[in-house]
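Spelled out from the first residue to the last, the chains are:
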Amino acid sequence: LLGKALIYNGPITMLLSNKLNLALLSEHQDSELFSPEERKMIKAYIPWTRRIVPGKVAIAGETVEWEDFLRSQRTKLVIKPVRELGGIGVHVGRYTPPDQWEIFIQQALRDEARNWIAQEYIETLPHLYRYGEEGCLEHEVVWGLFVFGREYAGGFLRVIPKTENIKGIINTSQGAQETVIFEVDE
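The paragraphs below set out a description of the structure included in this document.

### Thoughts on helix H5 (residues 98–110)
Phase 1: End to end, H5 covers 18 Å across 13 residues, agreeing with the expected 18 Å (1.5 Å per residue, within 8%).
Phase 2: Those residues of H5 that fall on the buried side of the exposure criterion are Trp 101, Phe 104, Ile 105, Gln 106, Ala 108 and Leu 109.
Phase 3: Considering only its buried residues, H5 is in contact with helix H4 (66–72), strand E4 (77–81), strand E5 (91–92) and strand E6 (116–120).

Written as structure tokens, this is what we have:
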């Protein structure tokens, strides 16, 4: 393929799309398994992510009880199952009341078959986007980029009006729309 295109499908798709990969990268970002350049890239581009397991966990050099950490950091975290798609099972702490958040914590700690992660919540920068027939409105945006080999090959956006995003999830299955990125060479 001359290093220009790698297309994966079949059984490997579930492995490559498993969010546990993000947790493993984040948890081992300082490991000698990665080159200095790779460690720098992981820290810059992978959000803080950890597997949710019963008991204690090391966070920022401290050993803490997972349940206590998840409760105290609710507004800064997202809880999600590692193999689901379409925003299924995703719970954004700042959009979730504490009593419901507690239910999700317990579910994540006890549901070993699904495996769950906790991830730092990263707020998107609002962008103006068309709304209605003639207007525009601030939208929350997620960028999706395509790469072939080492070359950028384009992208798309998922957008949802800020006023309509009551769960904090930007996904087409949860009400967002997909649109294209219009690029102009200068």
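The discussion continues.
### Considering the sheet that holds strand E7 (residues 127–131)
Phase 1: Spatial ordering of the open sheet is given by E7-E8-E9-E10, a layout of four strands whose pairing is antiparallel. On the outer flanks of this sheet lie E7 and strand E10 (177–180), each paired with one strand and no other. Going across the sheet, the axis of each strand differs from the next one's by a mean of 45°, ignoring polarity.
Phase 2: As judged from the five bridges shared by E7 and strand E8 (residues 135–148), these two strands associate in the antiparallel manner. Paired with His 127 across the two strands is His 139, which belongs to E8.

### Here's the deal with the side chain of Glu 140
Phase 1: With respect to the helices and strands, the residue Glu 140 is situated in strand E8.
Phase 2: As a buried residue without a salt bridge, Glu 140 has its nearest oppositely charged side chain in Lys 162, at a separation of 5.5 Å.
Phase 3: Within the local environment of Glu 140, its side chain forms a polar contact with the side chain of Asn 165, the two groups lying 2.9 Å apart.
Phase 4: Glu 140 has contacts with Tyr 95, Tyr 121, Thr 124, Arg 158, Val 159, Ile 160, Lys 162, Asn 165 and Ile 170, leaving out every residue within four places of it along the chain.

### Focus on a nonpolar patch on the surface
Phase 1: Taken together, the side chains of Ile 12, Leu 15 and Leu 16 define a hydrophobic patch exposed on the protein surface, amounting to about 270 Å² of accessible area.
Phase 2: The exposure class assigned to Leu 16 is partly exposed, which follows from its relative accessible area of 47%.

### Quick look at the environment of Ala 176
Phase 1: As for its placement among the helices and strands, Ala 176 is situated in the loop between strand E9 (151–161) and E10.
Phase 2: Judged by relative accessible area, which is 8%, Ala 176 ranks as buried.
Phase 3: Between the alpha carbons of Ala 176 and Arg 158 there is a distance of 6.0 Å; along the sequence they are 18 residues apart.
Phase 4: Residues in contact with Ala 176, not counting those within four places in the same chain, are Val 159, Ile 160, Ile 170 and Asn 171.

### Here's the deal with the packing of aromatic side chains
Phase 1: The full count for this structure, using the stated rule, is three aromatic pairs.
Phase 2: Between the aromatic rings of Trp 66 and Phe 69, the centroid separation amounts to 5.8 Å while the plane-to-plane angle is 75°, which identifies the pairing as edge-to-face. Remark: Phe 69 and Trp 66 occur in helix H4; sequence separation between them is three residues, near one turn of the helix. The two residues Trp 66 and Phe 69 agree in class, both being buried.
Phase 3: Each ring, one from Phe 146 and one from Phe 156, has its centre 5.7 Å from the other, and the planes form 40°; the classification is tilted.

### Some thoughts on the sheet that holds strand E1 (residues 49–51)
Paired through their backbone hydrogen bonds, the strands of a sheet run either parallel or antiparallel.
Phase 1: In space, the four strands of this open sheet follow the order E1-E6-E4-E5, with antiparallel pairing throughout. If you trace the sheet from one side to the other, it starts and ends with E1 and E5, each paired once.
Phase 2: Two strands pair when backbone bridges link them, and E4 and E6 are joined in this way by five bridges, in the antiparallel orientation. By the bridge assignment for E6, Leu 77 is matched with Glu 120.
Phase 3: Its contacts with the sheet put helix H2 (residues 20–27) on E1 and E6, and the angle it makes with E1 is roughly 110°.
Phase 4: Where H5 meets the sheet, its contacts fall on E4, E5 and E6, and the angle it forms with E4 comes to roughly 45°.

### Digging into the nonpolar core
Phase 1: With 14 residues, the main nonpolar core has Ile 52, Trp 66, Leu 70, Ile 79 and Ile 105 as its most contacted residues.
Phase 2: Secondary structure elements with two or more residues in this core: strand E2 (56–59), H4, E4, H5 and E6.
Phase 3: Counting residues per element, this core draws most heavily on H5, which supplies four residues.
Phase 4: Not counting chain neighbours up to four residues away, the residues in contact with Trp 66 comprise Trp 48, Arg 50, Arg 51, Ile 52, Val 53, Gly 55, Lys 56, Val 57 and Ala 118.

Conventions used here
Once a new chain begins, its residue numbering starts again from 1 and follows that chain's sequence as written. With pLDDT at 70 or above as the cut-off, local features in this predicted model cover only qualifying residues; side-chain atom pairs require 80 or more to be listed or tallied, and sums for whole chains, interfaces and linings still use all residues. Think of the side-chain values as coming from all heavy atoms in the structure, minus any hydrogens and water. Comment: elements are numbered from the N terminus, with helices defined as DSSP H or I runs of at least four residues and strands as E runs of at least two. The span one expects for a helix is its residue count, reduced by one, times 1.5 Å. Burial here depends on accessible area, computed with a 1.4 Å probe over protein chains only, as a share of the maximum for the residue type. Under 20% is buried, over 50% is exposed, and the range in between is partly exposed. Any two residues whose heavy atoms approach within 4.5 Å are treated as being in contact. The pairing criterion for strands is at least two bridges between them, as found by DSSP. Axes here refer to lines fitted to C-alpha atoms; in helices the fit is confined to the stretch in contact. Angles between the N-to-C directions go from 0 to 180 degrees. For this count, His and the chain ends are skipped, Lys and Arg are scored as positive, and Asp and Glu as negative. Whenever Lys or Arg places a side-chain nitrogen within 4 Å of a carboxyl oxygen from Asp or Glu, that contact is recorded as a salt bridge. Whenever two N or O atoms come within 3.5 Å, that pair is a polar contact, provided that in protein one can donate a hydrogen and the other can accept it, and provided that, for residues adjacent in sequence, both atoms are side-chain atoms. Candidates for patches are residues over 30% relative accessible area with no salt bridge; among them, like charges are joined within 9 Å and nonpolar side chains (Val, Leu, Ile, Met, Phe, Trp, Tyr) within 5 Å. Only the protein chains shown count as covering a residue, and every accessible area follows the Shrake-Rupley method with a 1.4 Å probe. Classification of ring pairs rests on two measures: the distance between centres of Phe, Tyr or Trp rings, Trp counted by its six-membered ring, which must be within 6.5 Å, and the angle between planes, read as stacked under 30 degrees, edge-to-face over 60 and tilted in between. Within this scheme, the nonpolar core is defined by two criteria: the residues are buried Ala, Val, Leu, Ile, Met, Phe, Trp, Tyr or Cys, and they are joined through side-chain atoms within 4.5 Å.

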